[in-house]
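Letter by letter, the chains look like this.
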Amino acid sequence: MFGFFKKIKPVKIRTCNESRKYGIAAKDLKELLKKGCKTLQLPEAGAHVCLYSDGTKVTEEFFRTLPDHTELVLLSSEQTWSGSKRNNTPNTFLTKQTVYVFSHHLLPISVMCDIGHLLSLDQHTDGLIEAAKELLSGTQSPKRRKILTDLLLNLKDRSEVESREEDEEWFKGIDTRFKTKSAYMKFNCESRIRGYMKEVDDATKTIQKAKDRAEFLEMSKCLADMLKAAKYNGCYFDRTEKERNRLCTQEGWFTCQGPFDQDMCQSLHSINPYGSRESRIVFSTWNLDHRIEKKRTIIPALLEALQNHKIADVNLTYFYGLLFTTENLKLVHIVCHKKGAHNLLCDTKKTFRPATNTGKTNHRVKEKKRRLMT
């Protein structure tokens, strides 16, 4: 209800060519642009606002965090602003103050502005790293050390580089045949999927009758051929793949898809294993979780389907999707991986091939007609 009553925020605004500042009060960025363009006689089309101090572009969300009387620059569509000359270097005090307050969980509106400001830029990274290191060395609080360590881990992100030569630290412990991060991540995903195939193969050990076992082995080979043709779906972890084929962003960020029984991750877990060796190792604890469970449900359903039917009758495409693809797989943080029984079943309407069922029906109809005629 209170969202309709936006706080009026007073700011100081100028053009990039004048030192004179004008006071303007606005409830949101749209109103600020309208009033600012009218006051400074600039065209509204393409107009945008930046911080006077360093040129950070002000978005609607960022505007709400600005402290009162923040100095801004109004620019036309073709103009840019990199900050005032007196503020071309990072403000070390501000950086340390922001990191300190962030690690102590104190968030007055002005500090929220500082954090939002710093997170939106790359130019302060070095200063922020040094400030975080200094505070880390001076604190004994386990909680603060954890926050600062996590902050440093993300600040030292090297996801923009790809090759072994550019980031040797990332490749420590990885076979030398892998020359790029994407190639290794693709292999990592393939290995997981191959493991699922091995579990299908191992199910043959539970089959007593030789004939049934032979049928299951033949069916397993068909699934393996399908998987091989799809290159073991290694594309899921490969950031160089097309967007529709991968589970990460182009930069390599993965987002937890939440527990099997939820539409999304309530904790908003995310990770970029391309960023550092530590993140790569931590990512190994994330799971490709089968919504309909592999051992409890899918493999037993396959075994049951082959008891009274031939391989040609079984809808292997359906089972392939359940076992090896994102039709049934969800990428989840270890915390979101529920290991109890999911109590979800295979769709019995999809277990067998429709064409085969139709053929059987036609055969029964023909057999019935033959009996009636004799």
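Residues numbered from 1 in each chain as written. Predicted model: local features only at pLDDT ≥ 70, side-chain atom pairs only at ≥ 80, totals over all residues. Heavy atoms only, no water.

K.L.:
Teacher, can you tell me more about the overall build of the protein chain here?
P.N.:
Secondary structure summary: the protein chain contains twelve helices and eight strands in total. When the 374 residues of the protein chain are sorted by exposure, 43% land in the buried category. Here the protein chain has roughly 22,500 Å² of accessible surface; of this, 53% comes from carbon and sulfur atoms. (Helix = DSSP H or I, 4+ residues; strand = E, 2+ residues; numbered from the N terminus. Buried < 20%, exposed > 50% of the residue type's maximum accessible area, 1.4 Å probe, protein only. Areas by Shrake-Rupley, 256 points an atom, 1.4 Å probe, with all protein chains shown as cover.)

K.L.:
Would you take a moment to explain the pattern of salt bridges for this structure?
P.N.:
Opposite charge on two side chains allows them to pair when their charged atoms are near. Under the defined criterion, the tally for this structure stands at 16 salt bridges. Close ionic contact of Glu162 with Arg239 constitutes a salt bridge, the shortest N to O distance being 2.7 Å. With Glu162 in the loop between helix 6 (142-155) and helix 7 (181-202) and Arg239 in the loop between helix 8 (210-229) and strand 5 (254-255), this pair connects stretches of sequence that are 77 residues apart. Summarising the burial analysis for this pair, Glu162 and Arg239 share the class buried. A salt bridge links Asp225 to Lys221, with the shortest nitrogen-to-oxygen separation between them at 3.3 Å. Note that Asp225 and Lys221 are positioned in helix 8 at a spacing of four residues, about one turn of the helix. Under the relative-accessibility criterion, Lys221 is labelled exposed at 53%. Residues participating in the shared-partner salt-bridge network are Arg14, Lys21 and Glu71. (Salt bridge = Lys/Arg side-chain N within 4 Å of Asp/Glu carboxyl O.)

K.L.:
Even after reading the chapter, I still don't get a negative patch on the surface, so can you show me in this structure?
P.N.:
Residues Glu160, Glu165, Glu166 and Glu168 make up a contiguous surface patch of negative charge. On the secondary structure map, Glu160 appears in the loop between helix 6 and helix 7. (Patch = residues over 30% accessible without salt bridge, like charges linked within 9 Å, V, L, I, M, F, W, Y side chains within 5 Å. Lys, Arg positive; Asp, Glu negative; His and termini not counted. Charge placed at Lys NZ, Arg CZ, Asp CG, Glu CD.)

K.L.:
Looking at this model, I keep getting lost on the sheet that holds strand 4 (residues 71-75). Mind explaining?
P.N.:
Whenever strands of a sheet pair, they do so through backbone hydrogen bonds, lying parallel or antiparallel. An order of 2-1-4-3 is seen for the four strands of this open sheet, with the pairing classed as mixed. In this open sheet, the two strands that pair with only one neighbour each are strand 2 (22-26) and strand 3 (48-51). Put simply, the sheet's adjacent strands are angled 45° from each other on average, direction ignored. With four bridges joining them, strand 3 and strand 4 adopt antiparallel strand pairing. Paired with Cys50 across the strands is Val73, a residue of strand 4. Packed on one face of the sheet, helix 1 (residues 29-40) meets strand 1 (9-15), strand 2, strand 3 and strand 4 and runs near 150° to strand 2. (Pairing = 2+ DSSP bridges. Axes fitted to C-alpha atoms, helices over the stretch in contact; angles between N-to-C directions. Contact = heavy atoms within 4.5 Å.)

K.L.:
I'm lost on the pairing of strand 2 in this one. Help?
P.N.:
Residues in a regular strand point their side chains to alternate faces of the sheet. Bridge count for strand 1 against strand 2 is five bridges, and the pairing is antiparallel. Looking at strand 2, one finds that Lys9 is bridged to Ala26.

K.L.:
How should I be thinking about the packing of aromatic side chains in this particular structure?
P.N.:
Following the criterion strictly, the structure yields twelve aromatic pairs and no others. On the basis of an interplanar angle of 65° and a centroid distance of 4.9 Å, the ring pair of Trp170 and Phe171 is categorised as edge-to-face. When sorted by exposure, Trp170 lands in the same class as Phe171, which is buried. Consider the rings of Tyr318 and Phe319, whose centres lie 5.5 Å apart with planes at 65°: the pair is edge-to-face. With respect to burial, Tyr318 and Phe319 carry one shared label: buried. An aromatic cluster of three or more residues is present, and its members are Trp170, Phe171, Phe178, Tyr184 and Phe187. (Phe/Tyr/Trp six-rings, centres within 6.5 Å; stacked < 30°, edge-to-face > 60°.)

K.L.:
I keep staring at the packing of helix 7 against helix 10 (residues 294-307) and nothing clicks. Help me out?
P.N.:
Helix-helix packing is described using two parameters, namely the angle between the two axes and the distance between the axes. Interaxial distance between helix 7 and helix 10 falls to 11 Å at its minimum, and their mutual angle equals 60°. Our classification of the angle between helix 7 and helix 10 gives oblique. The two elements helix 7 and helix 10 cross, and the hand of that crossing is right-handed. In this structure, helix 7 contributes Tyr196, Glu199 and Val200 to the contact, and helix 10 contributes Lys294, Lys295 and Ile299. Its residues assigned to classes, the contact of helix 7 with helix 10 shows three nonpolar, no polar and three charged. (Parallel < 35°, antiparallel > 145°, perpendicular 65-115°, else oblique. Left-handed = near helix turned anticlockwise from the far one by under 90°. Nonpolar A, V, L, I, M, F, W, Y, C, P; charged D, E, K, R; others polar.)

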